[in-house]
Amino acid sequence: MPRYPDRRVPYYICPRCKERSVDIDAREGFSKDAPACRHCGFGFLFELLDDYYPAPDTGFVVTDQERRVLAIGRGVFELTGFGEPDLIGRDVVEALQLSDPKPVELAREWGVRRLGEQLSITTRAGNEKHVVADVFPAYDDDGGLLVALTPRRG
Ligand SMILES: [Zn+2]
């Protein structure tokens, strides 16, 4: 018999340090509305429908519903050459010159995850880099996105 028959257990991930947490009945004391990261103190966690395991070199970009960057996590600078001040407020698709906007658009429009999308980005220095993109829609009213970019080898 399931321990929580009437509700799913939300998963949270910190956009900055990528630390995952599971909120079981708010037992750990953070607010349901705006849980902050207990690990690095970052101001909000991103809620996921299912657990997700980023790679060590994955970098997260959080956007609003207009694809504008709200925050970036560790690893994004190493991957893209862009720091947070370079990206905040910019359209993530344009700023990183994603080779295909479709995964981001599908996640935005339909509210579905897009996993394992083989894309390329252009770094600040103008180099094309191959990445795997995983895109997650936000489940709150803000309707933003979490874009996970992982360098692709070979
Ligand atoms: Zn954190």
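Residues numbered from 1 in each chain as written. Predicted model: local features only at pLDDT ≥ 70, side-chain atom pairs only at ≥ 80, totals over all residues. Heavy atoms only, no water.

Participant: So what about the packing of aromatic side chains? Which residues, and what values?
Facilitator: On inspection of all chains with the given rule, the structure shows 3 aromatic pairs. Here F42 and F44 contribute two aromatic rings whose centre-to-centre distance is 5.1 Å and whose plane-to-plane angle is 50°, an arrangement assigned as tilted. Ring geometry for Y52 versus F136: centroids 4.6 Å apart, planes at 65°, classification edge-to-face. You can see Y52 sitting in the loop between β3 (46-48) and β4 (59-63) and its partner F136 sitting in strand β7 (residues 128-137), a full 84 residues away along the chain. Three or more aromatic residues joined by ring pairs make a cluster, and in this case those are Y52, F60 and F136. (Phe/Tyr/Trp six-rings, centres within 6.5 Å; stacked < 30°, edge-to-face > 60°. Helix = DSSP H or I, 4+ residues; strand = E, 2+ residues; numbered from the N terminus.)

Participant: Quick rundown of the sheet that holds strand β6 (residues 114-122)? Include the residues and the values.
Facilitator: Taken in spatial order, the 5 strands line up as β5-β4-β8-β7-β6 in an open sheet, and their pairing is antiparallel. Every interior strand has two partners, whereas the edge strands, β5 (69-72) and β6, have only one. Each neighbouring strand pair of the sheet contributes to a mean axis angle of 30°, computed without reference to strand direction. Sheet analysis places β4 next to strand β8 (residues 145-151), joined by 5 bridges and oriented antiparallel. The residue of β8 that forms the bridge with F60 is A148. (Pairing = 2+ DSSP bridges. Axes fitted to C-alpha atoms, helices over the stretch in contact; angles between N-to-C directions.)

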